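Coordinate analysis (summary)
Below, each chain spelled out in residue letters.
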Amino acid sequence: MSDLRWDEVRSFFDPELMGALPDVFVPDTSAEDWQAVFDLVEARGWRWELVQGGAAAPLPPAAEALARPVGAEVVELRVHPAPGVLVIFRPRSAEKIDFDVDLRELQGQDGVDVLCGFLGEIGRELGKPVRMTSEGGSEAHPVLGFDPGLDRVVLLTDPSDRCHHPVTQSMV
């Protein structure tokens, strides 16, 4: 059974309300946590590609990916945890793992299940919470996330609370 039901969370998967690429993050991390994510991607056999400056590259140790000089080209780890679903990690800081998901790829109960499964995989591997906010939203106001204490993805706000939807909020 899924952690969340489509009928409950439909608004959190609406690209018009949340932005097409909501912000997903794991706070309070380290280079070792990033390495655990890199290792998880390989261990699960998820299709991935590391892109740096527009060119494909081999997957380096996380510490190396994080040690880029200021102004260096952005590194993106593009992971496909399910067919038709792309997750983009950007190793910018050891202190936070952040990534994007495309809500247009995660529609219906199947999309909810894929996202919950993926957040759970990351959270369990790290033993840490994984949070999702609206695109460009405040990390202080996540809408859903993996709770390691409950070992499942939970709602962190009421889906009918329109103040967490940036498009609606600006119309108020």
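Note that this is a predicted model, so its numbers are computed, not measured. (Residues numbered from 1 in each chain as written. Predicted model: local features only at pLDDT ≥ 70, side-chain atom pairs only at ≥ 80, totals over all residues. Heavy atoms only, no water.)

**Let's talk about helix α5 (residues 108-126)**
Over its 19 residues, α5 extends 28 Å from the first C-alpha to the last, a length consistent with the 27 Å expected when each residue adds 1.5 Å. For α5, every residue scored as buried is listed here: G108, Q109, G111, V112, L115, C116, F118, L119, G120, I122, G123 and L126. Of the residues one or two after α5, G127 is the one with positive phi, at around 70 degrees. (Helix = DSSP H or I, 4+ residues; strand = E, 2+ residues; numbered from the N terminus. Expected span 1.5 Å × (residues − 1). Buried < 20%, exposed > 50% of the residue type's maximum accessible area, 1.4 Å probe, protein only.)

**Brief notes about the nonpolar core**
F13, F89, F99, L119, I122 and L144 are the most contacted members of the largest nonpolar core, which totals 45 residues. Looking at this core element by element, the count peaks at 7 residues for α5. In this structure L144 touches L4, F12, F13, L119, V130, R131, M132, V153, V154, L155 and L156, once residues within four positions along its chain are discounted. (Core = buried A, V, L, I, M, F, W, Y, C linked by side-chain atoms within 4.5 Å. Contact = heavy atoms within 4.5 Å.)

**A word on the environment of D23**
Considering the arrangement of structural elements, one finds D23 in strand β1 (residues 23-26). Taking the C-alpha atoms as reference points, D23 and G137, 114 residues apart in sequence, are found 7.3 Å from one another. In this structure D23 touches F99, D100, R131, M132, T133, S134, E135, G136 and G137, once residues within four positions along its chain are discounted. Of note is the side chain of D23, whose polar atom sits 2.8 Å from the backbone nitrogen of G136. (Polar contact = N/O pair within 3.5 Å; in protein donor to acceptor, adjacent residues only side chain to side chain.)

**Focus: the packing of aromatic side chains**
On inspection of all chains with the given rule, the structure shows 7 aromatic pairs. Consider the rings of F99 and F118, whose centres lie 5.8 Å apart with planes at 85 degrees: the pair is edge-to-face. Here the residue F99 occupies a position in strand β6 (residues 97-101), and F118 occupies one in helix α5, the gap between them amounting to 19 residues. Accessibility classification places F99 together with F118 in one group, the buried group. (Phe/Tyr/Trp six-rings, centres within 6.5 Å; stacked < 30°, edge-to-face > 60°.)

**Some points on the confidence of the model for the chain**
Taken residue by residue, the chain gives an average pLDDT of 89. The fraction at 70 or more is 92%. Looking over the chain, one finds the lowest element-wise mean pLDDT in helix α6 (residues 166-171), namely 38, and the highest in helix α3 (residues 31-44), namely 97. The low-confidence segment residues 164-172 (pLDDT under 50) makes 19 contacts with residues lying over four places distant or belonging to another chain. (pLDDT = per-residue confidence, 0-100.)

**Some details on the side chain of D100**
Inspection of the secondary structure puts D100 in strand β6. A polar contact is formed between the side chain of D100 and the side chain of R90, at a distance of 2.6 Å. Excluding residues that lie within four positions of it along the chain, D100 makes contacts with L21, P22, D23, L86, V87, I88 and R90.

**Details of the environment of S11**
Turning to its location among the elements, S11 is positioned in the loop between α1 (6-9) and α2 (15-18). On the accessibility criterion, S11 (16% relative accessible area) is buried. Note: C-alpha distance between S11 and S160 (149 residues apart in sequence) is 7.9 Å.

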